[in-house]
Amino acid sequence: MDRIDAMRAFITVVSEGSFTHAADRLAMSPQLVSKYVSQLEQHLGVRLLNRTTRRIHLTEAGASYHDKARQILNDIDDAENQLGDLQTEARGLLRISAPVSFAIRHMAPLLSEFQRAHPAVGIDLQLNDRKVDIVEEGFDIALRVGHLRSSSLIAKRIAPARLVMCASPSYLEHHGTPQCPEDLRDHRYLRYSYLEQEGGQAIHQWLQSSGHDPSSDLVCNNGDVLVEAAIAGAGIALQPTFISGSAIKEGKLQVILPEYEPEPMALYAVYAHRQLLASKVRSFIDFIDGYFGDPPYWD
């Protein structure tokens, strides 16, 4: 017995006043309606209806069960209708994980404009440079900067992310400007710890070669700190232009060895499923796609 169908048959019989009218309403035979109600009574162990040739009457147990069953069916209908609304209108809380520096510098205008376009969507933005488990940690979307790797997750490329090597003019004046990768062994490296986990670009190998003393490096898991340290003359930083771009344009940092620029990374929107995607997720992905431009405005 499908208990929901049986409850619906019972409620409809009561509202329509007969098995025949209920059958017409439910588009099934009167025999099937009667079978559903009988099965429900057997399941509950009580008689719900007293039947005569002319009328049906609710028993005391039937009257009590009728009110509760009708509320349950109303709640089910409401839940299904709300799910339908979620697929047609962007609404609900959207949980996003994003890299710290990128979010601080570039996401506030994006989120403000998105919520103006979709006022029924709330935003819970969590900043973290580690790769979160979006399923286990309950995120709808994660923004990630890096090189795309095989994964069961869906990844949408949003914008390129250039890596440039840069240092302050005062640092280069004092320590010399590298003319080839080998020259990097004589300089202090401001190293982003998570970037090293991305793999071994050739430029990284020179920065950490045997002739270089890594004990003099500054290591940090935040790119903004490293860029500010480079501006202050602490050494050479390898950072994406979405962090270093403004300082380069203002002359606070100078790009070095541009011909050895590493392979560009990209900003991706990562989410768990392609099918049955909630409207709030689909709307955000559509909104952010192309938002920063290609090339992006920070370049």
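> Mind showing me how you'd approach the packing of aromatic side chains here?
Aromatic rings considered in pairs are described by the distance between their centres and by the relative angle of their planes. Applying the stated criterion to the full structure yields 12 aromatic pairs. Aromatic rings pair up to connect Phe 102, Phe 114, Phe 242, Phe 284, Phe 287, Tyr 291, Phe 292, Tyr 297 and Trp 298 into one cluster. Arg 95 extends its terminal NZ or CZ atom over the ring of Phe 139, reaching a point 4.4 Å from the ring centre.

> What's the story with the pattern of salt bridges in this structure? I'm lost.
Any two side chains of opposite charge can pair if their charged atoms end up close together. This structure, assessed with the given rule, holds 12 salt bridges. For the salt bridge of Asp 224 with Arg 105, the shortest nitrogen-to-oxygen distance reads 2.6 Å. You can see Asp 224 sitting in helix α9 (residues 223-231) and its partner Arg 105 sitting in helix α5 (residues 100-117), a full 119 residues away along the chain.

> Where do I start with the environment of Leu 253 in this structure?
As for its placement among the helices and strands, Leu 253 is situated in the loop between α10 (241-249) and β11 (254-256). For Leu 253, a relative accessible area of 3% gives the class buried. Leu 253 sits 87 residues away from Cys 166 along the chain, and the two C-alpha atoms are 6.0 Å apart. Apart from residues no more than four positions distant in its own chain, Leu 253 is found in contact with Cys 166, Ala 167, Ser 168, Pro 169, Val 227, Ala 230, Ile 231, Ser 244, Ala 247 and Ile 248.

> Explain the pairing of strand β7 (residues 163-167) here, please?
Here β7 lies mainly inside the structure; 5 of its 5 residues are buried. Along β7, one buried face is formed by Leu 163, Met 165 and Ala 167 and the opposite face, lined by Val 164 and Cys 166, is buried too. In terms of strand pairing, β7 meets strand β10 (residues 236-240) through 4 bridges, oriented antiparallel. Across the sheet, residue Val 164 finds its bridge partner in β10, namely Gln 239.

> Explain the nonpolar core to me, please; I cannot follow it from the model alone.
Across soluble globular proteins, nonpolar side chains have a tendency to be buried as a group. Ranked by internal contacts, the top residues of the largest apolar core, which has 54 residues, are Leu 94, Met 107, Ile 141, Leu 143, Phe 284 and Phe 292. The element that contributes the greatest number of residues to this core is α5, accounting for 6 residues. In this view, Leu 94 contacts Phe 114, Val 121, Gly 122, Ile 123, Asp 124, Asp 140, Ile 141, Lys 280, Val 281 and Phe 284; residues no more than four positions away in its chain are not counted. Phe 10, Phe 19, Ala 22 and Ile 56 belong to the second largest nonpolar core, which has 19 residues in total.

> What's the story with the side chain of Lys 280 in this structure? I'm lost.
Examined against the element boundaries, Lys 280 turns out to sit in helix α11 (residues 279-288). A relative accessible area of 15% means that Lys 280 is categorised as buried. A polar side-chain atom of Lys 280 sits 2.5 Å from the main-chain carbonyl oxygen of Leu 93.

> I tried to follow the pairing of strand β8 (residues 189-192) on my own but got confused; where do I start?
Looking along a regular strand, one sees the side chains alternate between the two faces of the sheet. Bridging between β8 and β10 involves 2 bridges; their strand directions are parallel. Following the sheet pairing, Leu 190 is matched in β10 by Ala 237. Relative to strand β9 (residues 218-220), β8 runs parallel, the two being bridged by 3 bridges. Across the sheet, Tyr 192 pairs through a bridge with Cys 220, a residue of β9.

> Help me understand α5 in this model?
Look at α5: 25 Å from first C-alpha to last across 18 residues, which is about the 26 Å you get at 1.5 Å a residue. The largest bend in α5 is about 60°, located at Met 107, with the proline Pro 109 one to four residues further on. All of the buried residues along α5 are Ser 101, Phe 102, Ala 103, His 106, Met 107, Leu 110, Leu 111 and Phe 114.

> What is the right way to read the sheet that holds strand β6 (residues 154-161) from this model?
Two strands in a sheet stick together by hydrogen bonds in their backbones, pointing the same way (parallel) or opposite ways (antiparallel). Across the sheet, which stays open at both edges, the 5 strands sit in the order β4-β3-β5-β12-β6 with mixed pairing between neighbours. Two strands lie at the open edges of the sheet, namely β4 (121-127) and β6, each paired on one side alone. Neighbour to neighbour, the strand axes of the sheet diverge by 20° on average, direction disregarded. As defined by bridge partners, strand β3 (residues 92-98) adjoins strand β5 (residues 141-146) across 2 bridges and the pair is classed as parallel. Across the sheet, Ile 96 pairs through a bridge with Ile 141, a residue of β5. Seen against the sheet, α11 touches β3, β4, β5, β6 and β12 (265-271) and runs at an angle of roughly 50° to β3.

> Hey, could you run me through the sheet that holds β10 in this one?
Here 5 strands make up an open sheet; going across it, the order is β9-β8-β10-β7-β11 and the pairing mixed. In the strand order of this sheet, the two ends are held by β9 and β11, each with one partner. Averaged over neighbouring strand pairs, the angle between their axes works out to 35° when direction is ignored. Along the sheet face, α9 touches β8, β9 and β10 and points at about 170° away from the line of β8. Lying over the sheet, α10 contacts β7, β10 and β11, oriented at roughly 120° with respect to β10.

> Could you clarify how one ought to interpret the environment of Ala 142 in this entry?
Mapping Ala 142 onto the fold places it in strand β5. Residue Ala 142 is classed as buried on the basis of its relative accessible area, which comes to 1%. In sequence terms Ala 142 and Leu 127 are 15 residues apart; their C-alpha atoms lie 9.9 Å from each other. Setting aside residues no more than four positions away along its own chain, Ala 142 makes contact with Ser 97, Val 132, Ile 134, Tyr 268, Ala 269 and Val 270.

Thresholds, definitions, all that
- All residue numbers here refer to positions counted from 1 along the written sequence of the relevant chain.
- In view of the model being predicted, local features appear only for residues whose pLDDT reaches at least 70, and side-chain atom pairs are presented and counted only at 80 or more, with totals across whole chains, interfaces and linings using the full set of residues.
- Water and hydrogen atoms play no part in the side-chain values, which are based on all heavy atoms of the structure.
- Note on aromatic contacts: the rings of Phe and Tyr and the six-membered ring of Trp form a pair at centre separations within 6.5 Å, being stacked when their planes are under 30 degrees apart, edge-to-face when over 60 apart, and tilted otherwise.
- We call a charge positioned above a ring when the Lys NZ or Arg CZ atom is no farther than 6 Å from the ring centre and deviates by at most 35 degrees from the ring normal.
- Each salt bridge in this description consists of a side-chain nitrogen of Lys or Arg and a carboxyl oxygen of Asp or Glu lying within 4 Å of one another.
- Helix and strand labels come from DSSP, where a helix needs a run of H or I of at least four residues and a strand needs a run of E of at least two; each type is numbered from the N terminus.
- Partly exposed describes any residue whose relative accessible area lies between the buried limit of under 20% and the exposed limit of over 50%, with all areas from a 1.4 Å probe on protein chains only and scaled to the type maximum.
- Note on definitions: a residue-residue contact is assigned when non-hydrogen atoms from the two residues lie within 4.5 Å.
- A pair of strands is treated as paired once DSSP finds two or more bridges between them.
- By nonpolar core is meant a set of buried Ala, Val, Leu, Ile, Met, Phe, Trp, Tyr and Cys residues that side-chain atoms within 4.5 Å join together.
- Pairing of N or O atoms within 3.5 Å defines a polar contact, subject to two protein rules: one partner must be a possible hydrogen donor and the other a possible acceptor, and residues neighboring in sequence count only if both atoms are side-chain atoms.
- The span expected for a helix works out to 1.5 Å for each residue beyond the first.
- The angle between axes fitted to the seven-residue stretch ending at a residue and the seven-residue stretch beginning at it gives the bend at that residue.
- Comment: axis = line fitted to C-alpha atoms, over the contacting stretch for helices; angle = value between 0 and 180 degrees taken between N-to-C directions.

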